[in-house]
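Read off the chains here:
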Amino acid sequence: MSHMWLESLITENAQQGFELAMKLSRMGVKYTQPSDEVRGKLRASYEENADSLIASSQVVAINFQTVAAANNYWRG
Ligand code: HEM
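Not measured: the values here are computed from a predicted model.

A. How the structure looks around the site of the ligand. In the neighbourhood of the ligand, the contacting residues comprise M22, S25, R26, V29, R39, G40, L42, R43, Y46, S56, V59 and V60. Within the contact set of the ligand, an oxygen atom lies 2.9 Å away from a side-chain nitrogen or oxygen of R26. Y46 has a polar side-chain atom sitting 2.6 Å from a nitrogen atom of the ligand. Those elements giving two or more residues to the shell around the ligand turn out to be α1 (14-32), α2 (36-46) and α3 (50-70). Here the element with the most residues in the shell around the ligand is α2; it accounts for five residues. Across the shell around the ligand, the residue classes tally to six nonpolar, three polar and three charged.

If you want it as C-alpha cells, here you go:
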C-alpha cells in the first residue's frame, strides 16, 4: 500500500484513539485480503455472525491497548 495512512499513533483524546484502533483493525484486514471483491463477499457473512463480531471487537480492543499506551492513557 503506497500512500501514507498512519502518520502517528498520537491522538487528541481517547475517543479519537479508539477510532484509530478501528482504523488499524480494518487496515489489518485490508492488507491481509487486498481484494475489495473478496472482502465485500465476506462482509455479508461476518456482519450477522455474533462470534465474528466479538472476534472483530477483540482485535479493536488489542489495537486500542497499543494506541492508549502510546498516548500515555491521555493523562495529559
Ligand atoms: C464494514 C470493522 C473485519 C469487510 C465494516 C464496518 C466496520 C468494520 C466498523 C462498517 C463501516 C461503516 O458502515 O461505516 C471491521 C473490524 C474488523 C472487520 C473491526 C476486524 C478486525 C472484516 C473482514 C472483512 C471485512 C474480515 C472481509 C474480509 C468489510 C466490508 C465492509 C465492512 C466489505 C463494508 C464496506 C466498507 O465499509 O468498507 N467493517 N471489519 N471486515 N467490512 Fe469490516
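B. Representation of unusual backbone geometry in the model. Phi at Y73 is positive, roughly 55°, even though this residue is not glycine. Mapped onto the fold, Y73 is located in the segment after α3. A positive phi angle is found at W74, which is not glycine, with a value near 50°. Examined against the element boundaries, W74 turns out to sit in the segment after α3. Note on W74: relative accessible area 21%, which makes it partly exposed.

C. Representation of the pattern of salt bridges. What the rule picks out here adds up to two salt bridges. Measuring nitrogen to oxygen at the nearest pair gives 2.6 Å for the salt bridge that ties D36 to R39. Residue D36 and its partner R39 are located together in helix α2, separated by three residues, close to a single helical turn. Here E47 and R43 are joined by a salt bridge, their closest N and O atoms 3.2 Å apart. For E47, a relative accessible area of 36% corresponds to the partly exposed category.

About the cut-offs
Residue positions are given per chain, counting from 1 as you read along its sequence in written order. Under the rules for a predicted model, residues below a pLDDT of 70 receive no local features and side-chain atom pairs below 80 are neither given nor counted, while totals for whole chains, interfaces and linings still include all residues. For the side-chain quantities, the full set of heavy atoms in the structure was used; hydrogens and water were omitted. When at least one non-hydrogen atom of a residue lies within 4 Å of a molecule or strand, that residue is treated as near it. Under this definition, polar contacts are N or O atom pairs within 3.5 Å; protein pairs additionally need one hydrogen-donor-capable and one acceptor-capable atom, and for neighbouring residues in sequence, both atoms have to be side-chain atoms. Labels follow the DSSP assignment, with helices taken as runs of H or I lasting at least four residues and strands as runs of E lasting at least two, numbered in each case from the N terminus. Only Asp, Glu, Lys and Arg are considered charged, only Ala, Val, Leu, Ile, Met, Phe, Trp, Tyr, Cys and Pro nonpolar, and every remaining residue, Gly among them, polar. Accessible area is worked out with a 1.4 Å probe on protein chains only. A residue is then buried under 20% of its type maximum, exposed over 50%, and partly exposed in between. We define a salt bridge as a side-chain nitrogen of Lys or Arg found within 4 Å of a carboxyl oxygen belonging to Asp or Glu.

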